Amino acid sequence: MADNKKIKTALVSVFHKENLDKIIYKLNDLGVKILSTGGTKSFIESLKVEVTSVESLTGYPSILGGRVKTLHPKVFGGILSRRDNQGDVSQLNEYEIPEIDLVIVDLYPFEDTVASGAGGQDIIEKIDIGGISLIRAAAKNFQDVVIVPSQNEYEPLLNLLEENNGEFSGKERKWFAARAFGVSSHYDAAIFGYFNQQGQEAAERLSLNKGEVLRYGENPHQSATFYKFNNSNDEVSLANAQVLQGKALSYNNMLDADAAWKSASDAYHSVTHLKNKVAVAVVKHLNPCGLAVTSNILESLELAWAGDPISAYGSIICFTGTVTKEVAEWCGSKFVEILIAPAFSDDALEVLAKKKNLRVLVTPIRKAVAGEKLFRSISGGMLVQDEDEGLDMEYKTVTKKEFEGSKMNLAKFGTIACKHLKSNAIAVVTENENGSFWLTGAGMGQPNRLDSLRYLTMPRFELKGNLDIKNSVLISDAFFPFRDSIEAANEYGVKYIIEPGGSIRDEEVIEACNEFGIAMAFTGRRHFRH
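Residues numbered from 1 in each chain as written. Predicted model: local features only at pLDDT ≥ 70, side-chain atom pairs only at ≥ 80, totals over all residues. Heavy atoms only, no water.

Chemist: Sorry, what's going on with the sheet that holds strand 3 (residues 33-36) here?
Modeler: Each strand in a sheet pairs with its neighbour through backbone hydrogen bonds, running either in the same direction (parallel) or in the opposite one (antiparallel). The strand order across the open sheet formed by five strands is 4-3-2-5-6, and the pairing between neighbours is parallel. Two strands in the sheet have a free side with no partner beyond their single neighbour: strand 4 (52-53) and strand 6 (146-148). As paired strands, strand 3 and strand 4 are joined by two bridges and run parallel to one another. Pairing of Ser36 across the sheet is with Ser53, part of strand 4. Relative to the sheet, helix 9 (residues 154-164) contacts strand 2 (9-14), strand 5 (102-106) and strand 6, its axis offset from that of strand 5 by approximately 155°. (Pairing = 2+ DSSP bridges. Helix = DSSP H or I, 4+ residues; strand = E, 2+ residues; numbered from the N terminus. Contact = heavy atoms within 4.5 Å. Axes fitted to C-alpha atoms, helices over the stretch in contact; angles between N-to-C directions.)

Chemist: Which parts of the structure should I look at to understand the sheet that holds strand 10 (residues 242-245)?
Modeler: Reading across from one edge, 10-15-14-13-11-12-20-19-21-22-23-18 is the order of the twelve strands in this open sheet, with mixed pairing throughout. Whereas interior strands pair on both sides, the edge strands pair on one side only; in this sheet they are strand 10 and strand 18 (396-397).

Chemist: Looking at this structure, I do not really get the layout of surface pockets. What am I missing?
Modeler: Put simply, the second largest pocket is a space of about 420 Å³. Around the second largest pocket, the lining comprises 25 residues; the ones closest to its centre are Gly66, Lys69, Tyr108, Asp128 and Gly131. Mapped onto the lining of the second largest pocket, the elements with two or more residues apiece are strand 2, helix 2 (38-46), strand 5, helix 7 (120-125) and helix 8 (130-140). Tallied by class, residues from the lining of the second largest pocket come to nine nonpolar, ten polar and six charged. (1 Å grid on protein atoms, 1.4 Å probe; cavity = no way out; pocket = protein on both sides within 12 Å on 5 of 7 lines; lining within 4 Å. Points joined across faces, edges and corners; volume = space filled by probe spheres on them. Nonpolar A, V, L, I, M, F, W, Y, C, P; charged D, E, K, R; others polar.)

Chemist: Looking at this structure, I do not really get the packing of aromatic side chains. What am I missing?
Modeler: Two descriptors summarise a pair of aromatic rings, namely the distance from one centre to the other and the angle between the planes of the rings. Taken as a whole, this structure holds ten aromatic pairs when the rule is applied. Relative to Phe176, the ring of Phe168 has its centre 6.3 Å away and its plane inclined at 75°; by these criteria the two rings are edge-to-face. For the pair formed by Phe168 and Phe176, the shared burial category is buried. Ring geometry for Trp305 versus Trp330: centroids 5.6 Å apart, planes at 80°, classification edge-to-face. Taken as a pair, Trp305 in helix 12 (residues 297-306) and Trp330 in helix 13 (residues 325-332) lie far apart in primary sequence, 25 residues in all. The burial state of Trp305 is the same as that of Trp330; both residues are buried. Among the aromatic side chains, those forming a connected cluster through ring pairs are Phe110, Tyr187, Tyr194 and Phe195. Stacked on the ring of Trp330, the Lys or Arg Lys334 has its end atom at 4.0 Å from the ring centre. Stacked on the ring of Tyr496, the Lys or Arg Lys401 has its end atom at 4.8 Å from the ring centre. (Phe/Tyr/Trp six-rings, centres within 6.5 Å; stacked < 30°, edge-to-face > 60°. Buried < 20%, exposed > 50% of the residue type's maximum accessible area, 1.4 Å probe, protein only. Lys NZ or Arg CZ within 6 Å of the ring centre and 35° of its normal.)

Chemist: Quick question: what am I supposed to make of the pairing of strand 14 (residues 336-341) here?
Modeler: The side chains of a regular strand alternate, residue by residue, between the two faces of the sheet. Of all the six residues making up strand 14, five are buried; the element is thus mostly covered by neighbouring parts of the structure. Of the crossover connections in this fold, the one passing from strand 13 (residues 315-319) over helix 13 to the parallel strand 14 is right-handed. Sheet analysis places strand 14 next to strand 15 (residues 359-362), joined by four bridges and oriented parallel. Looking at strand 15, one finds that Ile338 is bridged to Arg359. (Right-handed = clockwise from strand over helix to strand, strands pointing away.)

Chemist: Is there a simple way to think about the state of the cysteines in this case?
Modeler: What we call a disulfide is simply a covalent bond connecting the sulfur atoms of a pair of cysteines. According to the stated counting rule, one finds zero disulfides in the structure shown. Of all cysteine sulfurs in the structure, the one in Cys331 sits closest to Cys318, which takes part in no disulfide; the separation is 12 Å. (Disulfide = S-S within 2.5 Å.)

Chemist: What's the story with a nonpolar patch on the surface in this structure? I'm lost.
Modeler: Taken together, the side chains of Leu206, Leu208, Tyr227, Phe229, Met382 and Val384 present a nonpolar region at the surface, about 490 Å² in accessible area. Those elements that provide at least two residues to the nonpolar patch are strand 9 (225-229) and strand 17 (381-386). Summarising the element assignment, Met382 is placed in strand 17. (Patch = residues over 30% accessible without salt bridge, like charges linked within 9 Å, V, L, I, M, F, W, Y side chains within 5 Å. Areas by Shrake-Rupley, 256 points an atom, 1.4 Å probe, with all protein chains shown as cover. Salt bridge = Lys/Arg side-chain N within 4 Å of Asp/Glu carboxyl O.)

Chemist: Is there a simple way to think about the nonpolar core in this case?
Modeler: The nonpolar side chains of soluble globular proteins are, as a tendency, buried together. Residues Ile23, Leu27, Ile79, Leu102, Val103, Ile104 and Leu157 are the most contacted members of the largest nonpolar core, which totals 53 residues. Among the elements that line this core, the one with the most residues is helix 10 (residues 170-195), at seven residues. Ignoring sequence-local partners within four residues, the contact set of Ile23 consists of Ile104, Tyr154, Leu157, Leu158 and Leu161. Formed by 45 residues, the second largest nonpolar core is a distinct cluster that contains Leu214, Ala241, Ala411 and Ala442. (Core = buried A, V, L, I, M, F, W, Y, C linked by side-chain atoms within 4.5 Å.)

Chemist: Before we go on, may I ask you to explain the packing of helix 17 (residues 484-492) against helix 18 (residues 506-516) in this structure?
Modeler: Geometry of a packed helix pair, given as the angle between the helix axes and the separation of the axes. Where helix 17 contacts helix 18, the two axes come as close as 9 Å, and the packing angle between them is 25°. When the interaxial angle is binned, helix 17 and helix 18 end up roughly parallel. Of the two elements, helix 17 crosses helix 18, and the hand of that crossing is right-handed. Where helix 17 approaches helix 18, its residues Ile486, Glu487 and Asn490 are matched on the opposing element by Val509, Ala512, Cys513 and Phe516. For the contact of helix 17 with helix 18, the per-class residue count stands at five nonpolar, one polar and one charged. (Parallel < 35°, antiparallel > 145°, perpendicular 65-115°, else oblique. Left-handed = near helix turned anticlockwise from the far one by under 90°.)

Chemist: Looking at this model, I keep getting lost on the environment of Tyr455. Mind explaining?
Modeler: Its place among the elements puts Tyr455 in the loop between helix 16 (449-454) and strand 21 (473-476). Taking relative accessible area as the criterion, Tyr455 reaches 52% and is therefore assigned exposed. Along the sequence, Tyr455 and Met444 sit eleven residues apart, while their C-alpha atoms lie 8.4 Å from each other. Non-local contacts of Tyr455, meaning those with residues more than four positions away in its chain, are made with Ala442, Gln446 and Tyr492.

These figures come from the coordinates and say nothing about function on their own.
So this is what it looks like as structure tokens:
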């Protein structure tokens, strides 16, 4: 074809040498002249393939500890020259600059170096200058040059070299150029993120690669794609969960799975008095309809499910301990979409394998404070905020009746349970005789706080009829604006309340608590979740 160009000279300068040997051998078979420098040149020589040093082309050695190797007109002139521009061709002849038709680059691993915890100077030295310049130059001149910008493109390059004997069409060169600018823009985004960790600049550079097309979006008529943040490759995150079995995850599945993982992990971290503790979260439509922490995984599961067995149908369940055969068999009689845990025993997996559509995910417990950013789009823009992390540390009694110190551990667990419910959120939590905690009532997603109280899940189930709510704790994710909420709580028999405070009618609310003999403590910290 008219726009086909044959490779005659190649410049190779890479960090990762794995799988490069096949390309070098193929280029040599095709009679392509190879230019290289430093470690890459030594690697090519070890293959017994003839290679010309960049230094012999430029007349300059590698200087400044390797910081300057390829930055020279005799290199970039050969890459950027337009083969159909007579002025460019004349200047190449005048200055004895060879045309370079193929550039193979693999950049210094900047992100991996940052993730390794390396020192500042080591990180700076992994900011590639020559490589990124070669990529941009070759991609700009894709009409005449093929650019291979990373190890990910080694295989497609080799395939095309073998199929077309070193010839590349304009369409193929443009494809490599697009990959090249993707690599360079991602690389710059990662460097910016490192330098802007403290948010000095009110700017974000998101680079999302290798999207996974999902079955559909929130509804079947909506398309959806999942992208993993590139800096999360080595982090504990749901994005890195290992899928052991089941059908493909949907958009809603992933949202619910993340909510289950976060709520179970937070509940686990909130409880400090139990040995060998295990948290279990049962989530439906982003809300934990069940949440429990005990010293036994099956007990935690049973309590979490009992929190709202109607809503638990078709739910996602997350465990913070290893799922056993006994737990798997218990789940076998229930309709569950996804199970998440740090590990599953072999015999548990044998049981779960009978449910072919059930997704089974393995991922460690989330850190108590992960320093995560949340991104949310609006029409024409995006909002970025810190994740609502950590535990409320201040619980200040504001009523005549003292909020008992023995209730503080339960209150902390309840605050975590409440913060994972959609606002307006109300949670009722209970401590069993063996010291286990569980979510026994939840009201969420109502446009006013009073309705969240009126529609608590708790009164719907006879199995909770033997619970003494006088010993439970009720938590609100934001302040009560009027005393009517306290009146509603009193109708249930509530005697302990946690809320942030901060209303202009706090005194009215406190007075209502005093009237009904309710102990209330303020945390000073709101937990809206929209």
